[in-house]
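Now for the letters of each chain:
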Amino acid sequence: MRSILKRLMQAVLVIGLLIIVAAIWKREEVGRLLAVNSLFSEEKIVQNFSNMDRAFLTKPMSRGDGPASALRAGETITLPEGAQQWLSDRAVTALVVLQDGKLRHESYHLGTSPEDRRISWSVAKSFLSALTGIVLEQGAIASLDDPVEQYAPALRGSAYEGASIRNVLNMSSGVVFNEDYLDFDSDINRMGRVLALGQSMDEFAAGLTETFIGPGETWRYVSIDTHIIGMVIRGATGQTIPDLLEKHVVQNMGFEADPYYLTDGYGAAFVLGGLNLRARDYARFGQMFLQGGTWNGSQIVPADWVVHSTRPSARTAPGEEQYGYQWWIAPDAPEGEYFARGIYGQYIFIDSARNVVIAANGADRGFREDGAHDANVDMFRAIAASMD
């Protein structure tokens, strides 16, 4: 009996040691998984959104050695009635307003600062759209109507086979993808765990096999479509997205701080939401689009791409928000109004008629509430109108 008990204790000790070794060996992955599970918690969300590099694998980009592009000071505006309540209700962390390229308002909230590099979430999609236009003009991609598997062979046999680049730019792939952030087992949350555990986003995307309709037939917002665009660009150019964005956009714009992407365990950038910039640099990007893709006298993004990507082209339902190539257009938008939009209150809002750009960051845990998004657009419009 004593020998059996001794062997049992030895076995328990060995199992315990194996668990400890496994925990140490996988501590980074476990840490990232825990970070994902508490990423949006009320007590952590604000600081998490300004410090994503503490919890995830990242790829930095160099802003270059030159000075930051100056944002000329304009007359400071008084925010319109209701703005202070809106800032509180929507948990806004940063608000930068430009008119005619001049800084008219800048404020930071909830303990954040101008130096914070803030997570873009789906605002990153509009940056990738800009890069698509650059690569298309350079000839690495022959046509938006080419099938995605022509440039990303790993997608052969997946739900994406037969979808065109235009289809995925329009969020019209027809691929089944559950984007419910409140469902632990949804595709979007499974994808978050793939990222946290250092697994392959490419394998995750190629593993999707179901479609609900043929490509191009209807619009449905599917974030993984943007990852497919990234796969296409990487396959077409043989370069990574951070390297391309650094070369063609970041280093030509005089950003204030080195941006960075979240990545998977294989170095693939999380292009559908993992870009991190200072709030003023989001505003600079919006101003460049407002100026037809030019910045400091250089054409950064092709002018025709700026026009085509920000106009409604997806088959959205009548009366619903409209969609271009990874840019949003409100159903009642006047000519020249469009925006980039990310969960929890991230926006780059552009009113071309008034020459206004508004960059907003937030940690709004109620972003899905009825009327929350409309309240944001209404406030952006009110701010723009207040400068008439």
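Higher on the page you've got the structure.
Residues numbered from 1 in each chain as written. Predicted model: local features only at pLDDT ≥ 70, side-chain atom pairs only at ≥ 80, totals over all residues. Heavy atoms only, no water.

### Topic: the pattern of salt bridges
Under the convention used in this document: We count a salt bridge whenever a side-chain nitrogen from Lys or Arg sits within 4 Å of a carboxyl oxygen from Asp or Glu. We count a stretch as a helix when DSSP gives it H or I for four or more residues in a row; a strand needs E for two or more, and each element gets its number in order from the N terminus. Burial classes: relative accessible area under 20% of the type maximum marks a residue as buried, over 50% as exposed, and values in between as partly exposed (1.4 Å probe, protein chains only).
Considering all chains together, one arrives at 17 salt bridges under this definition. The partner of Arg 90 in a salt bridge is Glu 369, and the shortest N-O contact between them spans 3.6 Å. Linking Arg 90 in the loop between helix H4 (83-89) and strand E2 (92-99) with Glu 369 in the loop between strand E13 (356-362) and helix H13 (372-385), this pair joins segments that are 279 residues apart in sequence. A relative accessible area of 11% means that Arg 90 is categorised as buried. Overlapping salt bridges, with partners in common, bring together Glu 106, Glu 256, Arg 278, Arg 280, Asp 281 and Arg 284 in one network.

### Brief notes about helix H7 (residues 187-196)
Within H7, 9 of the 10 residues are buried, which leaves the element mostly enclosed by the surrounding structure. Of all the positions in H7, only Asp 187, Ile 188, Asn 189, Met 191, Gly 192, Arg 193, Val 194, Leu 195 and Ala 196 are classed as buried.

### Considering the packing of aromatic side chains
Here is the rule: Think of it this way: a Phe, Tyr or Trp ring, Trp meaning its six-membered ring, pairs with another when their centres are within 6.5 Å, and the plane angle makes it stacked under 30 degrees, edge-to-face over 60, tilted otherwise.
On inspection of all chains with the given rule, the structure shows 24 aromatic pairs. Ring geometry for Phe 40 against Trp 121: centres 5.9 Å apart, planes inclined by 50°, an arrangement best described as tilted. Of this pair, Phe 40 sits in the loop between helix H2 (27-37) and helix H3 (45-49) while Trp 121 is found in the loop between strand E4 (118-119) and helix H5 (123-138), placing the two residues 81 residues apart along the sequence. On the basis of relative accessible area, Phe 40 is assigned to the partly exposed category, the value being 25%. Judged by centre distance (6.4 Å) and plane angle (0°), the ring pair of Phe 285 and Trp 327 falls under stacked.

### Thoughts on the nonpolar core
The criterion, for reference: To form a nonpolar core, buried Ala, Val, Leu, Ile, Met, Phe, Trp, Tyr and Cys residues must be joined to one another through side-chain atoms within 4.5 Å. We call two residues in contact when some of their heavy atoms are within 4.5 Å.
Judged by nonpolar contacts, the single largest core of 93 residues is most densely connected at Tyr 160, Ile 224 and Phe 289. Of the residues forming this core, the biggest block, 8 residues, is contributed by H5. Excluding anything up to four places from it in sequence, Tyr 160 contacts Val 148, Glu 149, Leu 155, Val 168, Ser 173, Val 175, Ala 205, Leu 208, Val 222, Ile 224, Asp 225 and Ile 228. In terms of nonpolar packing, the next biggest core, distinct from the first, is built from 27 residues, Leu 87, Val 97, Tyr 323 and Val 377 among them.

### A look at unusual backbone geometry
In the Ramachandran plot, Ala 91 falls in the positive-phi region, its phi being about 50° despite a non-glycine side chain. Structurally, the position occupied by Ala 91 is in the loop between H4 and E2. Of the residues examined, Ala 91 reaches a relative accessible area of 15% and is grouped as buried. Phi is positive for Trp 121, which is not a glycine, with a value near 45°. Given the relative accessible area of 9%, Trp 121 is considered buried.

### As for the side chain of Asp 264
For clarity, the cut-off: Charged residues are defined here as Lys and Arg on the positive side and Asp and Glu on the negative side; His and the ends of the chain fall outside this count. What qualifies as a polar contact is a pair of N or O atoms within 3.5 Å, subject to a donor-acceptor requirement within protein and to the restriction that residues adjacent in sequence count only when both atoms come from side chains.
Within the secondary structure, Asp 264 sits in the loop between strand E5 (260-262) and strand E6 (275-277). Although Asp 264 is buried, it makes no salt bridge; Arg 234 carries the closest opposite charge, 6.6 Å away. In this structure the side chain of Asp 264 is engaged in a polar contact, spanning 3.1 Å, whose partner is the backbone nitrogen of Gly 267. Within polar-contact distance, the side chain of Asp 264 engages the backbone nitrogen of Ala 268 at 2.9 Å. When neighbours within four sequence positions are excluded, Asp 264 is seen to be in contact with Leu 57, Leu 195, Gln 199, Ser 200, Met 201 and Asp 202.

### Section: the environment of Ala 283
Relative to the assigned elements, Ala 283 resides in helix H11 (residues 279-290). What makes Ala 283 buried here is its relative accessible area of 0%. Spatially, the C-alpha atom of Ala 283 lies 9.5 Å from that of Gly 101, the residues being 182 residues apart in sequence. Dropping the residues within four chain positions of it, Ala 283 is found in contact with Val 96, Leu 98, Val 357 and Ala 359.

### A short note on the sheet that holds E5
Applied cut-off: Note: two strands are recorded as paired if DSSP finds a minimum of 2 bridges between them. Axis angles are defined between N-to-C directions and span 0 to 180 degrees, where every axis is a line fitted to C-alpha atoms and, for a helix, only to the segment in contact.
Read from one edge to the other, the open sheet built from 4 strands follows the order E1-E5-E6-E4, with strand pairing classed as antiparallel. At either end of the open sheet lies a strand with only one pairing partner, and these are strand E1 (58-60) and E4. Two strands pair when backbone bridges link them, and E4 and E6 are joined in this way by 2 bridges, in the antiparallel orientation. Bridge pairing in E6 links Ile 119 to Asn 276. Across the sheet, helix H10 (residues 241-253) touches E1, E5 and E6, and the angle it forms with E5 is around 160°.

### Quick notes on H13
How we decide: Working rule for helices: expected span equals 1.5 Å times residues minus one. Each direction from the helix axis to a C-beta atom contributes to the arc, which is the arc of those directions.
In this model, H13 (14 residues) spans 20 Å end to end at C-alpha, consistent with the 20 Å of a helix rising 1.5 Å per residue. Looking only at H13, the buried set comprises Ala 372, His 373, Asn 376, Val 377, Met 379, Phe 380, Ile 383 and Ala 384. Seen from one end, H13 has its buried residues packed into an arc of 160°, which puts them on one side. On its buried face, H13 is in contact with H4, E2, strand E11 (337-342), strand E12 (346-351) and E13.

As far as function goes, none of this settles anything; it's purely spatial.
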